[in-house]
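What follows is the residue order along each chain.
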Amino acid sequence: MNNLVEIGLQRPVSIENELCSRYRCTKSACSACADVCPVPDAVRFLDQGVEITDACVACGACASACPNGALRPIESDAELATTIRSQVRPGTTFRIACGRASGRADLILPCLSRLTEALLLGPIRGGAERVELFDPGCSGCGLKKAAPQWQNVLAFSQALCEAAGLGTDRVARVGVPAGKPVEVRSPSETVSSRRAIFRAMVDKWAASDAPAAARKAEPGKMPLESFRQAVQQRRESPKRMDLLQLLQTLPVAKVASKTVPAANTPLADLEIGRQCVGCNVCETLCPTGALRHREESGTYALDFEAALCTGCRVCEVACFYKAVRVRESVDVSALFARPRVTLVCAPRQKCRACGETFLGEPAELCPLCQLSDRRRAMVARRILFGGKPA
């Protein structure tokens, strides 16, 4: 019981700033967590990063929606995956329900939007023939704002199943009447179910008399270490690594190409334009290490591992030269094959005007100075031949 009290004093969701797009790049407009949070003011944007406030009800939708896995529920994905493994019966249908769905379910969650793709596909890896999500309709639920998240997770999971040759019907939504679900427990489970313990954690947090300093902590604030040191740390996204490990152990028939729109997909395909100067800002700010550069004998190369990319678009918005572009569609089979491609490979040159290096064929001026030179010439012509410069 003492452990339960200690856990009860924690926030239902913690934040790992190094993986947060808004923390790593102030130009990032990512609002994935807030977009699905059903509680007003539970997610608060700071000058850098985000904060989860005491209004949080621990539905877990924000953690599922965060493409980089920066948000961690008090009941971790690993713990939830362990529960799922203990409940799977090979050759049967694994049923997941929210707290408002009627029927017998193998797993009951406060909200289906707590699920990630790795959790939803976990029963398939364990031998289940099919996974069904019991949907009583979200319109009458207080957490209805989170509903698009579990629907996105289902759609992406179906695309992954199709790419693996398993068919899209291996994971499906099943409409059921509203009611109260009954959890089917495995013989190994104790009387105190995981769901009851989790609810006790949340209730304990809400009712605790924790010191004000503990209750008002702001995990979204910049840590004591400098920002430069923080962003240079290369931490794997546990959410993405969980998915990649699961896909390697799925009963895959044959991996085939499956292209989906990049919008609302936690994956992306990139291309680099000729404006790239090899400054490495995109690599430095990438939360998941999907971009890596190499330099050898005066030649610069930038490599991209699509399987690590979460589609956060930090590289695109951070590039001063607008050289990075996220393509409109992406092939989900990259998560199985894990290809590493070279986006740009060119010799380094030095600008005679500003002294900065750039990529490409020998030239006296870098692209930025060439642009400035053209602008100066344009202004001079306007002044010389009449009219005001634009």
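Criteria and cut-off values
- Residues numbered from 1 in each chain as written.
- Predicted model: local features only at pLDDT ≥ 70, side-chain atom pairs only at ≥ 80, totals over all residues.
- Heavy atoms only, no water.
- Salt bridge = Lys/Arg side-chain N within 4 Å of Asp/Glu carboxyl O.
- Helix = DSSP H or I, 4+ residues; strand = E, 2+ residues; numbered from the N terminus.
- 1 Å grid on protein atoms, 1.4 Å probe; cavity = no way out; pocket = protein on both sides within 12 Å on 5 of 7 lines; lining within 4 Å.
- Points joined across faces, edges and corners; volume = space filled by probe spheres on them.
- Nonpolar A, V, L, I, M, F, W, Y, C, P; charged D, E, K, R; others polar.
- Pairing = 2+ DSSP bridges.
- Axes fitted to C-alpha atoms, helices over the stretch in contact; angles between N-to-C directions.
- Buried < 20%, exposed > 50% of the residue type's maximum accessible area, 1.4 Å probe, protein only.
- Polar contact = N/O pair within 3.5 Å; in protein donor to acceptor, adjacent residues only side chain to side chain.

Trainee: Where do I start with the pattern of salt bridges in this structure?
Mentor: For side chains bearing opposite charge, pairing can occur when the charged atoms are close. This structure, assessed with the given rule, holds 16 salt bridges. Ionic pairing is found between Arg72 and Glu16, a salt bridge with its closest N-O pair at 2.4 Å. Of this pair, Arg72 sits in strand S4 (residues 71-73) while Glu16 sits in the loop between strand S1 (13-15) and helix H2 (21-24), and the two are 56 residues apart along the sequence. One connected set of salt bridges, linked through shared partners, spans Asp269, Glu271, Arg325 and Arg327.

Trainee: Would you explain the layout of surface pockets in this entry?
Mentor: Summary: where empty space remains is shown by rolling a probe the size of a single water molecule over the atoms. Size it by volume and the largest pocket reaches roughly 850 Å³. Along the wall of the largest pocket there are 40 residues; nearest its centre are Ala32, Ala65, Pro67, Asn264 and Thr265. Of all the secondary-structure elements, those providing two or more residues to the lining of the largest pocket are helix H3 (32-36), helix H4 (61-65), helix H6 (117-125), helix H7 (147-163), helix H11 (238-249), strand S11 (259-261) and helix H13 (314-318). Ranked by residues supplied to the lining of the largest pocket, first place goes to H7 with seven residues. Of the residues assigned to the lining of the largest pocket, the class counts are 24 nonpolar, ten polar and six charged. The computed volume of the second largest pocket comes to approximately 270 Å³. Surrounding the second largest pocket, 16 residues form its lining, Arg274, Leu359, Gly360, Glu361 and Pro367 being those nearest its centre. Among the elements of the structure, strand S17 (340-350), strand S18 (357-359) and helix H15 (367-385) are those that each provide at least two residues to the lining of the second largest pocket. By residue number, the principal contributor to the lining of the second largest pocket is S17, which donates three residues.

Trainee: How do you make sense of the sheet that holds S17 when you look at a structure like this?
Mentor: Taken together, the four strands give an open sheet; going across it, the order is S13-S14-S17-S18, and neighbouring strands pair in antiparallel fashion. Of all the strands in the sheet, the pair left with one neighbour each is strand S13 (291-296) and S18. Each neighbouring strand pair of the sheet contributes to a mean axis angle of 30 degrees, computed without reference to strand direction. Note that S17 and S18 share three bridges and pair antiparallel. Following the sheet pairing, Lys350 is matched in S18 by Thr357.

Trainee: Is there a simple way to think about the environment of Leu291 in this case?
Mentor: With respect to the helices and strands, Leu291 occurs in strand S13. With relative accessibility at 3%, the residue Leu291 sits in the buried group. With 52 residues separating them along the chain, Leu291 and Leu343 place their C-alpha atoms 9.4 Å apart.

Trainee: Can you walk me through the side chain of Gln48 in this structure?
Mentor: Assignment of secondary structure puts Gln48 in the loop between strand S2 (43-45) and strand S3 (50-52). A distance of 2.8 Å separates the side chain of Gln48 from the backbone oxygen of Tyr23, its partner in a polar contact.

Trainee: Could you clarify how one ought to interpret the pairing of strand S5 (residues 93-98) in this entry?
Mentor: Where a strand is regular, its side chains alternate between the two sheet faces. Counting buried residues along S5, five of its six residues qualify, which places the element largely inside the surrounding structure. Across five bridges, S5 lies against strand S8 (residues 130-135) in parallel orientation. Bridge assignment links Thr93 to a residue of S8, and that residue is Arg130. As paired strands, S5 and strand S7 (residues 107-109) are joined by three bridges and run parallel to one another. Each bridged residue has a counterpart across the sheet, and for Ala97 the counterpart in S7 is Ile108.

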